[in-house]
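Working through the structure, step by step
So the chains spell out like this:
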Amino acid sequence: MFASAVAPTLTATDAYTSAHEQCEHRIAHLRSSEAQQMIHSDLEALLEVEGREVLRRLLQAHLDERSPGTVAEPVLGTDGRTHTHQRVQTRHLMTIFGAVEVTRMGSRSRGTHSLHPLDAALHLPPERSSHGVRHRVAVEATQDACDDVVAPVATTTGAHGPKRQAEQLAARAAQDFEALYDARRCATPQEVERTSSVLVLSVDGKGVPMRPAARREVTRRAAAAQPSPRGHQRKPGARAHTTRMATVAAVSTIPPWVRTPEEIVGALQPAQAVTPARPRPEAKRVWASLTQPPAEVIHQACEEAERRDPQRTKQWVALVEGAPTQLGLGDAAAGEYGVTLCIVLDLIHVLQSLWKAAWALHPAGTPDAETWVTARLEQLLRGRSPYVAAGMRRSATLRGLTEEQRAPVDQCANSLLKYADFLHDDASLAAGFPIATGVIEGACRHLVKDRMDVTGARWSLDGAEAVLRLRSLWVSGDCEVSWRLHLGQEHQRHHTTHYAHSKVPRPQPQPERQSKGAHLRLIK
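Description of the structure in this document. Worth saying up front: this structure is predicted, and the values here are computed from it rather than measured. (Residues numbered from 1 in each chain as written. Predicted model: local features only at pLDDT ≥ 70, side-chain atom pairs only at ≥ 80, totals over all residues. Heavy atoms only, no water.)

Overview of the pairing of strand β4 (residues 198-209)
Our working rule: Residue burial is assigned from relative accessible area. The probe radius is 1.4 Å, only protein chains are included, and a residue is buried under 20% of its type maximum, exposed over 50%, and partly exposed in between. Put simply, DSSP marks the helices as runs of H or I at least four residues long and the strands as runs of E at least two long, and each gets a number from the N terminus on. Being paired, for any two strands, means DSSP has found at least two bridges between them.
Counted residue by residue, β4 has nine buried out of 12 residues, so it is predominantly covered. Where β4 and strand β5 (residues 243-254) come together, 12 bridges link them in antiparallel fashion. Opposite V203, over in β5, you have A249 as the bridge partner.

So, in structure tokens, the structure goes:
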């Protein structure tokens, strides 16, 4: 005898069933007597892991629904040939939720590689790690060594991988650094009214400890010529010859800030008087490079300045420490961009030289030394560097100092005379220009030293350049903009260029799987 009963129709390929089951299982667990006794931190840890598994299953279900990604139109390769042979293929993808699989239709012709339109629609990377994982690794790599990147990525996501893979992902994330700023230069220039009238450029160098193969030839020869120290201790003044200089650049705008020499001297005293807050740099961009020569970085700094001041209505100011490379900023700006660059010598470096001269004339730490420095500093701020140089030499002669004793005095005087053309601090203060290289000094420390000069670090050239690029984007606030451009470039490189006329066939949407309602099921 047969009877009939009404039963709901379950979709035979309901992709989200697994995610539903996992979610219901978690809810049941939270309602259990065991969970009722848990403290909130244990609940957080439990839900972070188990909730990630729910999300992984949801992502897997979505990918299953979109597979195999068949297309109605012919799949044409770059050579114009139609890829007629089709086969369903599966690839693995490590996402921030965990490992998933993507099943898609591959099309190929004889002697060619398979093309997968669904890969292009999903914008899958060529490697196993997803773009989300790559982004997470890139952010972590700006802060910590790759040894220390693997652990937090594995802890905060469902992804895991070795150190070498993390290094490769960081390098991939940094490859479109120059494309971002090239695109900005080609775009409509910024309006001058958006930023202040003083445009500040600075360039400096900072050493990065490198592996022997990544050091410059002159550094390798110097290291080979220097005998190895016993006990790993070098003589005083001896150099290790293990670094390669990174050229660091900074460009920003700042409102004019008029001050007097007395205000500057007062601000440098231990007990500072209350002064108005100085204006902060605007739209600051800093970057560093180990592979590009200093002249190229200086050229990039001038290009960045030109983008911000296309009509040449701002005052361009270069803050330098006196190195010939930095002084080349003036020639580059005047020759190629037709601007008059005001070059200002950094006050802090001048002050350091003054202190060394003072200790040659007065005992270190005495009030006389401080009084001597304060008086000379105020004269320098009034634009009287030649008189200060002549006066300190006379003081050394009247005291009868030996050649060795007066060497710091002569060095300071020679420096003041050599850079007299750049020590018009009276005019700079009256115009409201900055007179100290705080921005570039901070960039050398924060951008390069804090990350690259960690204990025991020895960098390869490619690895160091990639991390410097990522850190430059992070410090300049361009990470997210750069990442969006990087995703577009990646799609172009790995998908669009493999199809004829750069046209990727769009996978047809799968028909919606709907329940047909109740039906009669025979029961014996």
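Digging into the nonpolar core
Where a protein is soluble and globular, its nonpolar side chains tend to be buried together. As a reminder, the rule being used: By nonpolar core we mean a set of buried residues, namely Ala, Val, Leu, Ile, Met, Phe, Trp, Tyr and Cys, connected to one another through side-chain atoms within 4.5 Å. Contact definition: two residues touch when any of their heavy atoms are within 4.5 Å.
W316, L354, M392 and L416 are the most contacted members of the largest nonpolar core, which has 62 residues in total. Top contributing element to this core by residue count: helix α13 (residues 347-361), with eight residues. Excluding its chain neighbours within four sequence positions, the residues that come into contact with W316 are L199, L201, C302, A305, E306, D309, A333, Y337, V339, T340, L341 and C342. In terms of nonpolar packing, the next biggest core, distinct from the first, is built from 20 residues, V248, A443, A464 and L468 among them.

Some thoughts on the side chain of S130
Relative to the assigned elements, S130 resides in the loop between α4 (117-122) and α5 (131-141). Residue contacts for S130: discarding those within four places in its chain leaves L93, M94, T95, I96 and P125.

Observations regarding the packing of helix α15 (residues 385-398) against helix α16 (residues 407-418)
Inclusion rule: Inter-axis angles, ranging from 0 to 180 degrees, are taken between N-to-C directions of lines fitted to C-alpha atoms, where helices are fitted over the stretch in contact. Throughout, the term roughly parallel applies to angles under 35 degrees, roughly antiparallel to angles over 145, roughly perpendicular to angles from 65 to 115, and oblique to all others. Left-handed describes a crossing in which the near helix is turned anticlockwise from the far one by less than a right angle; the clockwise case is right-handed. Just so you know the grouping, Ala, Val, Leu, Ile, Met, Phe, Trp, Tyr, Cys and Pro go in nonpolar, Asp, Glu, Lys and Arg go in charged, and all remaining residues, Gly too, go in polar.
Contact pair α15 / α16: the axes reach a minimum separation of 9 Å and the direction vectors enclose 165°. Taken as axis vectors, α15 and α16 run roughly antiparallel relative to one another. As α15 packs across α16, the resulting crossing turns out to be left-handed. Taking contact as the criterion, the partners of S385, P386, V388, A389, M392, R393 and A396 in α15 are, on α16, V409, D410, C412, A413, N414, L416 and L417. In terms of residue class, the contact of α15 with α16 is built from 10 nonpolar, two polar and two charged.

Quick look at the pattern of salt bridges
Put simply, the rule is: Salt bridge, as used here: a side-chain nitrogen of Lys or Arg that lies within 4 Å of a carboxyl oxygen of Asp or Glu.
Tallied over the full model, the rule gives 26 salt bridges. With a closest N to O distance of 3.9 Å, R393 and D410 form a salt bridge. Taken together, the residues span a long stretch of sequence, with R393 in helix α15 and D410 in helix α16 at a distance of 17 residues. For R393, a relative accessible area of 27% puts it in the partly exposed group. Among the ionic contacts, a cluster of salt bridges with common partners joins E127, R134, R172, D176, E490 and R493.

A short note on the sheet that holds β4
On the basis of which strands lie adjacent, the open sheet formed by five strands has the order β6-β5-β4-β7-β8 and mixed pairing. If you trace the sheet from one side to the other, it starts and ends with β6 (282-289) and β8 (342-345), each paired once. Strand-to-strand twist in this sheet, taken as the mean axis angle between neighbours without regard to direction, amounts to 20°. Bridge count for strand β7 (residues 315-320) against β8 is four bridges, and the pairing is parallel. Paired with V320 across the bridge in β8 is L345. The strands touched by helix α12 (residues 324-337) are β4, β7 and β8; relative to β7, the strand with the most contacts, the crossing angle is about 155°. In the packing of helix α18 (residues 438-452) onto the sheet, contacts are made with β4, β5 and β6, and the angle to β4 comes to roughly 30°.

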